[in-house]
Every structure is written in structure tokens, then in C-alpha cells.
Amino acid sequence: MTKAQIRINEVITFLKNKDIFLGYRKLMDCAIDTQDLDIYEDVIALTDWKEKNPLKEELLIKKSLEVLNKISKISITEYNTETPAVIGTELTKSYGYNRFTLGPISIKIHKGEVYGLVGENGNGKTTLLRVLAKELKFNDGSLLFNLDSKHHDDYDLRSNLVYIPQRTQKWYGSLKDNLKFVLSSYGVPPKENETRVLMMIARFGLWNYKHLKWNELSSGYKMRFELARTLLRQPEILFLDEPLANLDVLAQQVILEDLKSICNSINNPIALILSSQQLYEVEKISDKVIYLKDGKYKENTEVIEEDSKNHLIVEIDCQCERDTLKQVFTNLGLEKLIFNGGIYVAYFSIETSFSSILEALGKHKIEVTYTRNITKSTRRFFVS
Ligand SMILES: Nc1ncnc2c1ncn2[C@@H]1O[C@H](COP(=O)(O)OP(=O)(O)OP(=O)(O)O)[C@@H](O)[C@H]1O
């Protein structure tokens, strides 16, 4: 089965299970992969119908399956993502003598993968993103790009690397007109421009906001607009600095899932690097998590994989005393219990299972507000 068929089958399963919100977004990704403007028109018409008929679930599923059937007839060439799109070797960036220094950092970035960049404030996330996006000159090391579009100079190159900063600039006019302006500047003819823009508006859930102006949009929708505008340019590499900062919890998950799905496009994959403080959300979707501390990095795969062979590490938020917890975990191989003022971090021997921890907490009626197995999470670097 091809990757495209697998994607379509996934959507069918979502729709049949009535996970319509998710299924419909994934359907749009399948549609975008076809690059077929007739299919785009179908999805645009369906989106318009869907917004006008929010309660007609069954009919929406039926109509969606019809569009999917059309999509499945179009063959899609798979992009080979084996060669890294960016190779950074021993990169360093210093802001001057005795000031912050980033690196040396070596990194390989592949299209179709999501890289989460995490770390406390001031540890170099923005600096690394800007160095990789060629927004900032580095001092030492090398940075090589292996992109499909040919570039003659750095200006050319930067049009294929898109960096979206934490604070984006104000724009004037309607959301839709601003998106259309992007494609006009690339010389896309009016009819095609309209179709591509409406498809992107639909994909980012902006259908009912398309006529609004900058000051009429919430910060979350401004970020969606930025993403739509960026993706219209079909970048090969995308750098996002704190894209989740202004989003509510549900919107964060949705945007991350959407970005992952869009970057995983079958014929037009994008390498995505995003910095964020939303650790768990980012870990959930990232293929690789890079944790920066004082400008140096540790990939979770190295340090954490090694540690996770020796311990089970659990984060517990509860009101009880340290001695009570110690008692609860008697015979469970507790090796270390750290309290950082808000939560406990407990280290157990590797033989202990997370379910036995939950069982012990339940049996002793400990009022737990929150608990999580963080053995394989970069969260450990933050709490210890
Ligand atoms: N233009 C600059 N000149 C001098 N120092 C700078 C400059 N930009 C950043 N720094 C310093 O470099 C360090 C890293 O900053 P950076 O913005 O990369 O961190 P960050 O991890 O993105 O932080 P945050 O999570 O707060 O956005 C900080 O100590 C900052 O003060």
C-alpha cells in the first residue's frame, strides 16, 4: 500500500468513527497533496457547505467520502527524504566577549520531520533558530543546505527558509487579500490564486474569518494566518519561534497536529523546527526533541535513552508529606525522591512499573492532582 493510500484509509477510519473535526483536516491534507485544483475546488465547496450546515454530520461524512474517493484516483509521487536538507556542523554564535555563546552545535535536519526545540528562557532557542534560518551570522562552523530550489545567493536561499518570529507584524486589509497578495507576488494567475488561497484558508480553520482585518483577529488566529501565509510560499524548511505562545491548550494541540501532518506531506514535505515552552505537547509530535541549556544541547535520544535503561522516573503533584510518599512506595524500589517546591520527582528502579506506582497511590488514597511517567521526557531536565 502506498503512503497516500495509507493516509486516505486513516481519514476514512476517522470519518467512520465520527472523528469529523480531525478527519476533515486530514482530508484537506490528502487534497493538498494532489496539487490538483479541481480537487481544491471540491474541498472549498464542501467547506463552505460544512460551515453553513454545522449540524448535518452524516451528510458531511458522506460528501467527504465522495471527495476522498476522487482523491484516491490521483497518483502521488513520494518524495525521498533520506538526504538531510540542512547540515549544521559545530556551529557557534557569540554575542560578544563574556556574553552568551551558543554551541558548538551539530545538527542534521530532514524534510518531513518535526524538531522540537525546548529549554528555559534565555538558553539560546531563538538564537539557534535564527542562525539556522540565516537570519543571524554565526561565528564558527558550517551550515550547508540541500534544497530542491536552486539558490544563487543568501537572499534566494532565505526565500525557501521561512522564519516566523515570536511577534509578528501588523498587516492591513482583509485576511484573504493579504494571502492573495503572497501568490500575486509569485505571479500566480488570479483564478488559481483564489483557489489556492481559499484552500489554505479552509485548511487553517479560517473560513469564517477570511474577511476580517488584523485588529479583528485574536492572537491565535493571527498565528494561523501567519502559518497559512507561510505555507502558500511552499517553503522547504520552516522555523517557528514559540508558535504556541498565544494559543489555548486545545488550539495548541490542533496546530501542532496540523503542522506535523502538513510537514509530512507525501510529495512536498517540509522540515519543521519549532521552539516552545509547551514541553509535552511538543514532545508528543516531534520526531526529535532538542533541549538547550546554556547554549549547549542535549538530544533527548542520547541522555534520556541511556538513563531510561536504569530508572523509572515519575512526576507527582500531591499535597502529602515526603515521609508519607516514602511509605507509599515501600517495596517499590524507590531510589530518590526530589521535591522542588511544587511537585515531587521520584526515581524508581527499572524493575518498577508505572502501573504499580498508580496502584500504590490509589491504595493509600493519596490525593494526586497530577502524575506522569517522565522517564523519556525532557521534562526531567526542567524539574531536576
Ligand atoms: N542581540 C543580542 N545581543 C546580545 N545578547 C543577546 C542578543 N540576543 C539574545 N541575547 C542573549 O542571548 C541569550 C539567549 O537568548 P535567546 O533569545 O536565544 O534565548 P531563548 O532560549 O530563545 O529565550 P526565550 O525562551 O526567553 O525566548 C540570552 O542571554 C540573551 O540575553
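Residues numbered from 1 in each chain as written. Predicted model: local features only at pLDDT ≥ 70, side-chain atom pairs only at ≥ 80, totals over all residues.

Secondary structure assignment for the protein chain yields 15 helices and 13 strands. C-alpha extents for the protein chain along the principal axes are approximately 70 × 60 × 45 Å. Within the span of the protein chain, comprising 384 residues, buried residues form 38% of the whole. A sequence separation of at least 24 residues applies to 74% of the contacts in the protein chain between residues at least 6 apart. (Helix = DSSP H or I, 4+ residues; strand = E, 2+ residues; numbered from the N terminus. Buried ≥ 20, exposed ≤ 12 C-beta atoms within 10 Å, placed from the backbone. Contact = placed C-beta atoms within 7 Å.)

Here we take up the environment of Thr352. In this structure, Thr352 sits in the loop between β12 (344-349) and α14 (354-363). For Thr352, a count of 21 C-beta atoms within 10 Å puts it in the buried group. Taking the C-alpha atoms as reference points, Thr352 and Asn208, separated by 144 residues in sequence, lie 51 Å from one another. Excluding its chain neighbours within four sequence positions, the residues that come into contact with Thr352 are Leu312, Leu332, Gly333 and Ile357.

Domain parsing of the protein chain yields domain 1 (3-72), domain 2 (126-300) and domain 3 (310-383). Placing the centre of domain 1 and that of domain 3 at their C-alpha centroids yields a distance of 44 Å. (Domains from an automatic or database assignment.)

Before going further, it helps to spend a moment on the pairing of strand β2 (residues 101-109). Where strand β1 (residues 86-94) lies against β2, 6 bridges are found, and the strand directions are antiparallel. When the sheet's bridge partners are listed, Lys93 is paired in β2 with Leu102. Counted between consecutive antiparallel strands, the loop separating β1 from β2 contains 6 residues, among which Gly96 sits at a positive phi close to 125°. (Pairing = 2+ DSSP bridges.)

The next thing to look at is the sheet that holds strand β10 (residues 311-318). Spatial strand order, β11-β12-β10-β13: 4 strands in an open sheet with antiparallel pairing. One side of each edge strand has no neighbouring strand; the edge strands of this open sheet are β11 (334-339) and β13 (368-373). Sheet twist, expressed as the average angle between the axes of neighbouring strands with direction ignored, equals 20°. Judged from the 5 bridges that link them, β10 and β13 form a sheet pairing that is antiparallel. Residue pairing across strands places Glu315 opposite Arg372, the latter belonging to β13. (Axes fitted to C-alpha atoms, helices over the stretch in contact; angles between N-to-C directions.)

Right, let's talk about the environment of Gly88 for a bit. Following the sequence through the fold, Gly88 ends up in strand β1. Judged by the 22 C-beta atoms lying within 10 Å of it, Gly88 is buried. In sequence terms Gly88 and Ser106 are 18 residues apart; their C-alpha atoms lie 5.2 Å from each other. Sequence-distant contacts of Gly88, that is, excluding residues within four places in its chain, are made with Ile105, Ser106, Ile107, Leu132, Gly141 and Leu143.

This part takes up the sheet that holds β2. Here we have 3 strands laid out as an open sheet, ordered β2-β1-β4, and antiparallel in their pairing. In this open sheet, the two strands that pair with only one neighbour each are β2 and β4 (140-145). Neighbour-to-neighbour, the strand axes of this sheet turn through a mean angle of 20°, independent of strand direction. Across the sheet, helix α5 (residues 125-132) touches β1 and β2, and the angle it forms with β1 is around 125°.

So, on to the packing of helix α8 (residues 190-203) against helix α9 (residues 219-232). Running from amino to carboxyl end, α8 crosses α9 at an angle of 140°, the nearest separation of the two axes being 10 Å. In terms of their interaxial angle, α8 and α9 are classed as oblique. Every pair of crossing elements has a handedness; the one defined by α8 and α9 is right-handed. Of α9, the residues touching α8 (which contributes Arg196, Met200 and Ile201) are Ala228, Leu231 and Leu232. Partitioned by chemical class, the residues of the contact of α8 with α9 number 5 nonpolar, no polar and 1 charged. (Parallel < 35°, antiparallel > 145°, perpendicular 65-115°, else oblique. Left-handed = near helix turned anticlockwise from the far one by under 90°. Nonpolar A, V, L, I, M, F, W, Y, C, P; charged D, E, K, R; others polar.)

What follows concerns the environment of Val289. By the element assignment, Val289 lies in strand β8 (residues 288-293). Taking the C-alpha atoms as reference points, Val289 and Val118, 171 residues apart in sequence, are found 7.2 Å from one another.

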